[in-house]
Structure formats: structure tokens, C-alpha cells
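# Tertiary structure, described
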Amino acid sequence: MPVSELSLDRDPSSRFVPWIVAALSLMCAIALGTAFALASMTAEWGRAASDQVTLRVSTGDTDIPALVDQVARLEAVSRIEHLPRERVARMLQPWLGDVAQVDTALLPLPALIDVRLKPGANTAELRTLIADRSEITLDSADAWLAPLQDLAGLARLVAWGLAAVAVGAIMLVTVFATRSALVNQRQTVDLLRLIGAADGYIAKRFQRHALRLALFGGIAGTVPGLIVIFFATAAARLQGAALLNGLTPSLAGWLAIAALPLIVALVATFTARVTVLKLLRASW
């Protein structure tokens, strides 16, 4: 029996369901995009920090060329560079002001040596080399990235929570719409059962109706959500901050968000079926 014989398409209770589902799908898509983008960004942080350390020499008595030569001979080191004082001054320009008007030779700037490690290598050899030299400090990005990674992890949990709330709200909307439609179609359902229609046969008609409504609403909400995510992450990366370079969902993340309408439709279909079967067994 087609859905039209149950008049589900003309039922007033389902008139606004697609738009409610669209709004919730938009919220879910943005939340998922945020979660996947933050995951990619923190992964990029980890890759960038894993192979880069800085040696900070705080006194001028140290033989920098000799130190650079010693470090370069270590097995774990792939590349090493002594940063000139002018470059160090430019890095401190937010605090020093216009370095062009400052005599950098008069500033007590530390000597900085940028060290790149080979993939999979650690800093054990390097720490052993400088263990008895108190004027040399090893700075790793892990120390200051850890709080940022914790904060990004908390933001990811909030985003996943919002996505779960949106899916739960879609389930509730489906339950209310299905219950209302079933009550409005009570006489038709009674007639169907009288002539021998099984509960599963009747439930299939309602779940197909829920599938169509949810699929339409899911597409209507997910497409603008994908557009918002794309432009928002691109605009953030254009700010020029190195920390935001990886702020974009991975390919798997984009595919997961694109599959959201199908997921929403399946959730609504299952919810409608369970709701109809439960009501039929309890009330008829």
C-alpha cells in the first residue's frame, strides 16, 4: 500500500519536520566539522613538535661553532642552524619594538640553535651532550603545546557532545511526529489491521515517510554546513598564524560530514519503526 493511502504526506504534524531536521543537521555538521578540524590541527601540532627543538645558550663565552659541530655529529640530528642575532631580535620584535632602531649588539640576547631531528628520533643524545652545561637550555615545543592540546581536546569533546545532542533531538522530533501521524491515521490503521495487515507492514509505511522527511532535511542542513566549515577554516588559516595551519577536517572528516544526511535518515527511519511498533503493541 503506498504511503499516500495513509495520507501521511498531508499530515500537518510532519509539515515542519524537514526544516527542524535541517536546522539540527546544520548544527550537527558544524559541530562535527569543528571536531574533525581540531583533531587535524592537534595532529599537525604533534608532527611539527616531534622533530624540532631549540638550544638556547645564555652566555657569550660558549664556543657556538664548536657546539654546533658537536650537535651536528649526533645520530639523531638531521639538520642544525645557528640563528643570527638579527633574526632573534626580529622574533622578539613584539616585545622589543622596531628592531631597525635598536642596536642588537647591546641587547642581552641568547644564542639560538635550531635543531631538526630525524623521524622517530628522540632528544636523549642531545640531552646527554648538554647535561653538564648549565648555560645551555633545551626548549621543546611539547612543553607549551601540551596546554593547547588539552584545550583543543576539551573543545573536541564539546563539539562531539553538541553533535550527539543534535542527533538526539532529531530522534525526539521523529518520535513526536510519528506518534501524531499514527494517532491521526488511527481509523485507517484499524482498518488495515482488521483486514490482516501485520504491524511490520504498517510500520514500514511510517518509516518510509520518516526516511523521506529526514533525508530532505539532512541534505538541506548539511550542504550549508559544509560551506560554512570550508570558508570558516579557510578564513582562520588566512590569518597567518602557524598554529592554525592544520585547521581543516581530514578527508575522512569531510566524507563523514557529507554522509550526515544518510545517517540522519537512517536514525529517523529506525526511530519511526520502533515508535510505531511500540504504539501498535501497546494501544491496539
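A quick note: this is a predicted structure, and the numbers were derived from the prediction, not measured.

Cut-offs and rules
Residues numbered from 1 in each chain as written. Predicted model: local features only at pLDDT ≥ 70, side-chain atom pairs only at ≥ 80, totals over all residues. Heavy atoms only, no water. Helix = DSSP H or I, 4+ residues; strand = E, 2+ residues; numbered from the N terminus. Buried < 20%, exposed > 50% of the residue type's maximum accessible area, 1.4 Å probe, protein only. Contact = heavy atoms within 4.5 Å. Areas by Shrake-Rupley, 256 points an atom, 1.4 Å probe, with all protein chains shown as cover. Pairing = 2+ DSSP bridges. Axes fitted to C-alpha atoms, helices over the stretch in contact; angles between N-to-C directions. pLDDT = per-residue confidence, 0-100. Expected span 1.5 Å × (residues − 1). Bend = angle between axes of the 7 residues up to and from the residue. Left-handed = near helix turned anticlockwise from the far one by under 90°. Nonpolar A, V, L, I, M, F, W, Y, C, P; charged D, E, K, R; others polar. 1 Å grid on protein atoms, 1.4 Å probe; cavity = no way out; pocket = protein on both sides within 12 Å on 5 of 7 lines; lining within 4 Å. Points joined across faces, edges and corners; volume = space filled by probe spheres on them. Core = buried A, V, L, I, M, F, W, Y, C linked by side-chain atoms within 4.5 Å.

## A few points about the overall build of the protein
- Within the protein one finds 10 helices and 4 strands.
- The N-to-C order of helical and strand elements in the protein reads α-β-α-β-α-α-β-α-β-α-α-α-α-α.
- Counting every position in the protein, which comprises 284 residues, the buried fraction comes to 39%.
- The long-range fraction of contacts in the protein, counting pairs at least 24 apart against all pairs at least 6 apart in sequence, stands at 84%.
- With the model as given, the accessible surface of the protein reaches about 15,800 Å², and the carbon-plus-sulfur share is 64%.

## Observations concerning the sheet that holds strand β4 (residues 136–140)
- On the basis of which strands lie adjacent, the open sheet formed by 4 strands has the order β2-β3-β1-β4 and antiparallel pairing. Looking along the sheet, the strands with just one partner apiece sit at the ends: β2 (77–83) and β4. Taking each pair of neighbouring strands and ignoring which way they run, the sheet shows an average axis angle of 20 degrees.
- Note that β2 and strand β3 (residues 111–117) share 6 bridges and pair antiparallel. Across the sheet, the residue bridging to Glu81 is Asp114, located in β3.
- Sitting on the sheet, helix α2 (residues 64–72) is in contact with β1 (52–57), β2, β3 and β4, with an inclination near 165 degrees to β2.
- Contacts between helix α6 (residues 141–184) and the sheet are confined to β1 and β4, with β4 contributing the most and set at about 35 degrees to the helix.

## Here we look at the confidence of the model for the protein
- When pLDDT is averaged along the protein, the result is 83, and 87% of the positions lie at 70 or above.
- Considering each helix and strand of the protein separately, the mean pLDDT is smallest for helix α4 (residues 93–96), with a value of 66, and largest for helix α9 (residues 251–258), with 93.

## Things to note about α6
- Along its 44 residues, α6 runs 64 Å from first to last C-alpha, staying within 8% of the 64 Å computed at 1.5 Å per residue.
- The largest bend in α6 comes to about 25 degrees, at Pro147.

## Let's talk about the packing of helix α7 (residues 186–194) against helix α8 (residues 199–237)
- Running from N to C, α7 and α8 point in directions that differ by 145 degrees, and their axes come no closer than 10 Å. Considering how the two elements wind past one another, α7 and α8 form a crossing that is right-handed. For the pair formed by α7 and α8, the contact residues are Val189, Leu192 and Arg193 on the first element and Asp199, Ile202 and Phe206 on the second.
- Considered class by class, the residues forming the contact of α7 with α8 number 4 nonpolar, no polar and 2 charged.

## Things to note about the layout of surface pockets
- By volume, the second largest pocket amounts to about 150 Å³.
- Along the walls of the second largest pocket sit 14 residues, with Thr59, Arg85, Leu109, Pro110 and Ala111 positioned nearest its centre.
- Within the lining of the second largest pocket, the residues separate by chemical class into 8 nonpolar, 5 polar and 1 charged.

## Here we look at the nonpolar core
- If you look at the biggest cluster of nonpolar residues, it comprises 20 residues, and the most contacted ones within it are Val17, Cys28, Leu32, Ile257, Leu260 and Val264.
- Of all the elements in the fold, those that place two or more residues in this core are α1 (17–50), α6, α8 and α10 (260–283).
- Counting residues per element, this core draws most heavily on α1, which supplies 8 residues.
- Ignoring anything within four residues of it in the chain, the contact list for Ile257 reads Ala29, Leu32, Gly33, Phe36, Thr222, Leu226 and Ile229.
- Counting 18 residues, the second-largest nonpolar core is a separate cluster that includes Val68, Leu74, Leu117 and Ile130.

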